[in-house]
Amino acid sequence: MRRKTVLDLQKMKATNEKIAMITAYDATMARLVDTAGVDMVLVGDSLGMVIQGEEDTLGVTLDDMAYHGRCVARGLSHAHLTVDMPFMSYQISAEQALASAGRLVQEGRAQSVKLEGGERSAPAVEKIVQAGIPVVGHIGLTPQSVNALGGWRVQGRGDAAAEQLLHDAHAIEEAGAFALVLEMVPAELAAEVTQALRIPTIGIGAGRNCDGQVLVCNDLLGFDMSFSPKFLKRFAELQDPMTQAVSAYIDEVRSGAFPGPEHSFHRSRTDKKVTRLY
Ligand code: KIV
């Protein structure tokens, strides 16, 4: 089976099929979400928090993104792979943006790249698209600007802010992006943007009328039950079962119950052949 292309994804808007996107940061999670049938996988710079344990995405580097992109690409057979452009990898000039996007395609095996910002990022989007690399835009709450925005706040509230967001959405579409992420935007405004654009919108905290939705894999699986923003729905609560499994392992190691004879090798060579280590 081939991987989904930008044309497949754009066709989904035309035929009113919702796009399901999810983040992944390694090959194991990528294989799992791909097998479940997700349309797009995003190697988000949210890995700054989820993988690296930082408070924000600002310390993530292009090397980090290329590395995790490569890991995720190995786990995918069907889903389209988008890799985030990290902070300061595209803000300096359109030329810098193209060089960074090129690395994410060559080294990170990205099929498309995502970058944040509205009108101000349009020249970077245009330059990358002209070189034949598809781009996903990202407006609303743009985490790389958290310090300028004054925190993780809903964007586009009030008439002037809503008008600016609509203007930014058009600027990114005109620059050639093939899809647009809307993060933490009032549902009514996200619906208006979705109506106004030819390209699909993918929402996170932007209501149900976007053309698709994206969530962070660890969040929707409930790996961290202390993280519960309003927009998050947990489709599983795995923190406790995983902790309990590890506790059971520790108990059995300490008591000597694990490994049993069935998990041990013997001189008789009647063991099953090992086909994979780890
Ligand atoms: O970095 C990320 O995971 C993202 C999504 C939340 C849209 O940008």
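Up top is the structure these notes are about.
Every value quoted in this text rests on a predicted model; they were computed, and no experiment measured them.

Colleague: For this particular structure, what's the right way to read the nonpolar core?
Modeller: Ranked by size, the top nonpolar core spans 72 residues in total, and within it Val41, Leu104, Val113, Ile128, Leu180, Leu182 and Val193 carry the most contacts. The leading source of residues in this core is helix H8 (residues 159-175), at six residues. Beyond its immediate chain neighbours, meaning those up to four positions away, Val193 contacts Leu165, Leu166, Ala169, Leu180, Leu182 and Thr201.

Colleague: Any chance you could explain the pattern of salt bridges here in plain terms?
Modeller: Note on pairing: side chains with opposite charge can pair once their charged atoms come close. Inspection of the entire model under this criterion finds nine salt bridges. With a shortest N-O distance of 2.8 Å, Lys114 and Asp84 are connected by a salt bridge. Note that Lys114 is positioned in strand E4 (residues 112-116) and Asp84 in strand E3 (residues 80-84), a separation of 30 residues in sequence. We classify Lys114 as buried; its relative accessible area is 3%. With a relative accessible area of 3%, Asp84 lands in the buried category. Two residues, Lys127 and Glu95, come together in a salt bridge whose shortest N-O distance is 3.8 Å. Taken together, the residues span a long stretch of sequence, with Lys127 in helix H6 (residues 122-130) and Glu95 in helix H5 (residues 94-106) at a distance of 32 residues. Each member of the salt-bridge network shares a partner with another, and the members are Asp63, Arg103 and Glu107.

Colleague: In this structure, what is going on with the side chain of Asp34? I would like to understand it.
Modeller: Turning to its location among the elements, Asp34 is positioned in helix H2 (residues 27-36). It is Arg3 that comes nearest to the buried, bridge-free Asp34 among opposite-charge side chains, at 6.0 Å.

Colleague: Help me understand the site of the ligand, please; the structure alone is not making it clear to me.
Modeller: Lining the immediate surroundings of the ligand are Thr23, Leu42, Gly44, Asp45, Ser46, Asp84, Lys114, His138, Ile204 and Val214. With respect to the ligand, the side chain of Lys114 contributes an N or O atom lying 2.9 Å from an oxygen atom. Here the ligand has 260 Å² of accessible area as a free molecule, and 95% of this is covered by the chains. Within the shell around the ligand, the residues separate by chemical class into three nonpolar, four polar and three charged.

Colleague: Any chance you could explain the environment of Ser145 here in plain terms?
Modeller: With respect to the element layout, Ser145 can be found in the loop between strand E5 (135-140) and helix H7 (146-149). Note on Ser145: relative accessible area 17%, which makes it buried. Residues Ser145 and Glu116 lie 29 residues apart in sequence; the distance between their C-alpha atoms is 8.8 Å. With near-sequence residues (within four places) excluded, Ser145 lies in contact with Glu116 and Arg120.

Colleague: Is there a simple way to explain the packing of aromatic side chains in this structure?
Modeller: The description of an aromatic ring pair rests on the distance of the ring centres and on the angle between the ring planes. This model, assessed by the stated rule, comprises one aromatic pair. Relative to Phe258, the ring of Tyr249 lies with its centre 6.0 Å away and its plane at 65°, an arrangement referred to as edge-to-face. Residue class for Phe258 comes out partly exposed when judged on its relative accessible area of 35%.

Colleague: Can you walk me through the environment of Val33 in this structure?
Modeller: By secondary structure assignment, the location of Val33 is in helix H2. In this structure Val33 comes out as buried when scored by relative accessible area, which is 6%. It is 11 Å that separates the C-alpha atoms of Val33 and Leu221, two residues lying 188 residues apart in sequence. Not counting chain neighbours up to four residues away, the residues in contact with Val33 comprise Ile22, Val38 and Val41.

Colleague: What is the right way to look at the sheet that holds strand E1 (residues 19-23) in this model?
Modeller: Where strands meet in a sheet, backbone hydrogen bonds hold them as pairs that are either parallel or antiparallel. Spatially, eight strands are ordered E1-E2-E3-E4-E5-E6-E7-E8 in a closed barrel, and the strand pairing comes out parallel. Geometrically, the sheet is characterised by an average inter-axis angle of 25° between neighbouring strands, direction not taken into account. Relative to strand E7 (residues 201-204), strand E6 (residues 179-183) runs parallel, the two being bridged by four bridges. Bridge pairing links Glu183 to Ile204 in E7. Docked against the sheet, helix H9 (residues 187-196) engages E6 and E7, running at close to 170° with respect to E6.

Cut-offs and rules
- Residues numbered from 1 in each chain as written.
- Predicted model: local features only at pLDDT ≥ 70, side-chain atom pairs only at ≥ 80, totals over all residues.
- Heavy atoms only, no water.
- Core = buried A, V, L, I, M, F, W, Y, C linked by side-chain atoms within 4.5 Å.
- Buried < 20%, exposed > 50% of the residue type's maximum accessible area, 1.4 Å probe, protein only.
- Helix = DSSP H or I, 4+ residues; strand = E, 2+ residues; numbered from the N terminus.
- Contact = heavy atoms within 4.5 Å.
- Salt bridge = Lys/Arg side-chain N within 4 Å of Asp/Glu carboxyl O.
- Lys, Arg positive; Asp, Glu negative; His and termini not counted.
- Near = heavy atom within 4 Å.
- Polar contact = N/O pair within 3.5 Å; in protein donor to acceptor, adjacent residues only side chain to side chain.
- Areas by Shrake-Rupley, 256 points an atom, 1.4 Å probe, with all protein chains shown as cover.
- Nonpolar A, V, L, I, M, F, W, Y, C, P; charged D, E, K, R; others polar.
- Phe/Tyr/Trp six-rings, centres within 6.5 Å; stacked < 30°, edge-to-face > 60°.
- Pairing = 2+ DSSP bridges.
- Axes fitted to C-alpha atoms, helices over the stretch in contact; angles between N-to-C directions.

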